Amino acid sequence: MTAVYKGVLSDPDDTSRTYEAFTFETVRVKDGKFTEHWDGVQLAPGWRTEVERPNWSVSVR
Amino acid sequence: MKTWHVLAMAQRARTSRMPAIHWTVHPPEEDLQQLALAKTPPEDRLRIESHLAHCQECQRSFEEAGIFADRLQELLRSQGKQDQRTSVRYKVRESAIVAQCNPPDFVPAIGQVMDVSATGLRIRLTRAIYRGTQVQVLVEKAAVFGTIRYCRANSRDTYDVGLIIDQIVMRPGGPPIESLDAATGRDGFVKLQPRKTAKTVDPVDVLLIASVVFGQARPDASQLERNKQLLLDFFSYQGDPAIKAARFFADDYIQHNSRFLIMNEITHASGRDAWLKAGYAAQGHANLTVNGGIPLRDPILVMAEGDLGDRRVQRGAIRS
């Protein structure tokens, strides 16, 4: 099952302009429940550092 | 028709129903099945239909009940039998082992299933089983646990017992119980007709086996529509994450999002629990679902398996 979503976002180079952007969500469904899920999210520079800050272990446990 | 055909479809309708939060206010599943079979008394019909008008969950269940009823009719028609849409029970003649569980009786009886519905069986035996007895009935591909509701003596030293089904356990890989047919002449056993060794392949049977019992065949159109709605419901759900996870995710759910996968290394969780713990852990630290701010509501397209069909690109040249 795939859903495609459209958004109108601001052009970072010219904030007076907008552009159409798209993203997707795909799931595998079995017996009325999601079993797998894919989407368009990517890692960004520094993201791992962000999540591995020392206080994370505190908030997880 | 085999007993398990009816049982499998009944079980599918039962298991595919979404968990009810306020289940006591919903009409029982049996009532929805009766309504689908046009057997509901007028006064009950109004009550159920008024509930259906505003309850999406029961609308889905009723849709399932309708599919169940329609498939039974298809099966009957394919076998050249009379349309019994107004009848909730379907006649069968099939061997069955009946074991008394409570109160226990260690000598099982062998009988014949005479008719079957989504909620009950009628079995012919050569001994009586008292009302209220809990029994296990083994038929081909299924074990049924139920409670005896009546036991009537017939003219030829046989008894018809009716039981209401408490639970159905399908046994798709289990051996057929043809061997029962040879168990004749023993004290207290019904003499059964030998079963034909050669079986004809009924296309409807094949479809039922594939789609109902094994559940691996391509879903039907209404199932795909329900799956689409499930996806829409998921992204519009604003409630508690734990309830959301329980409602929408299988136990072994996997979120392939790269950020979630890294979170698994931190939370050491897996399955549905991993999604939940990742969300809690990331709260206030990082975004797990970054998509540039595109709102995940009102999708411009929802596509299910098979929606694209088989559209082959035709190549050719225009000739003058």
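One can find the structure itself at the top, above this paragraph.
Quick look at the structure, then. (Residues numbered from 1 in each chain as written. Chains lettered and ligands numbered in written order. Predicted model: local features only at pLDDT ≥ 70, side-chain atom pairs only at ≥ 80, totals over all residues.)

**Structural notes on the overall build of chain B**
- The helix and strand tally for chain B stands at nine helices and eight strands.
- Counting all 320 residues of chain B, 29% fall into the buried class.
- Put simply, 60% of the contacts in chain B that link residues at least 6 apart link residues at least 24 apart. (Helix = DSSP H or I, 4+ residues; strand = E, 2+ residues; numbered from the N terminus. Buried ≥ 20, exposed ≤ 12 C-beta atoms within 10 Å, placed from the backbone. Contact = placed C-beta atoms within 7 Å.)

**Topic: the interface of chain A and chain B**
- Listed by partner, the interface residues are 34 residues for chain A and 42 residues for chain B.
- Residue composition of the side of chain A that touches chain B, grouped by class: 16 nonpolar, nine polar and nine charged.
- Pairing of strand β3 (residues 33–39) of chain A with strand β7 (residues 249–255) of chain B involves three bridges; the strand directions are parallel. Bridging from a neighbouring strand, H37 of chain A pairs with Q255 of chain B of β7 of chain B. (Nonpolar A, V, L, I, M, F, W, Y, C, P; charged D, E, K, R; others polar. Pairing = 2+ DSSP bridges.)

**A look at the sheet that holds β7 of chain B**
- With mixed pairing, five strands are arranged side by side in an open sheet as β7(B)-β3(A)-β2(A)-β1(A)-β8(B). The sheet is open, and its two edges are formed by β7 and β8 (301–303) of chain B, each paired on a single side. When the angles between neighbouring strand axes are averaged without regard to direction, this sheet yields 20°.
- Across three bridges, strand β1 (residues 2–11) of chain A lies against β8 of chain B in antiparallel orientation. Its bridge partner lying in β8 of chain B, V4 of chain A is registered against L301 of chain B.
- Against the sheet, helix α6 (residues 221–236) of chain B makes contact with β1 and β2 (14–30) of chain A together with β8 of chain B, and its axis sits at roughly 130° relative to β2 of chain A, the strand it touches most. (Axes fitted to C-alpha atoms, helices over the stretch in contact; angles between N-to-C directions.)

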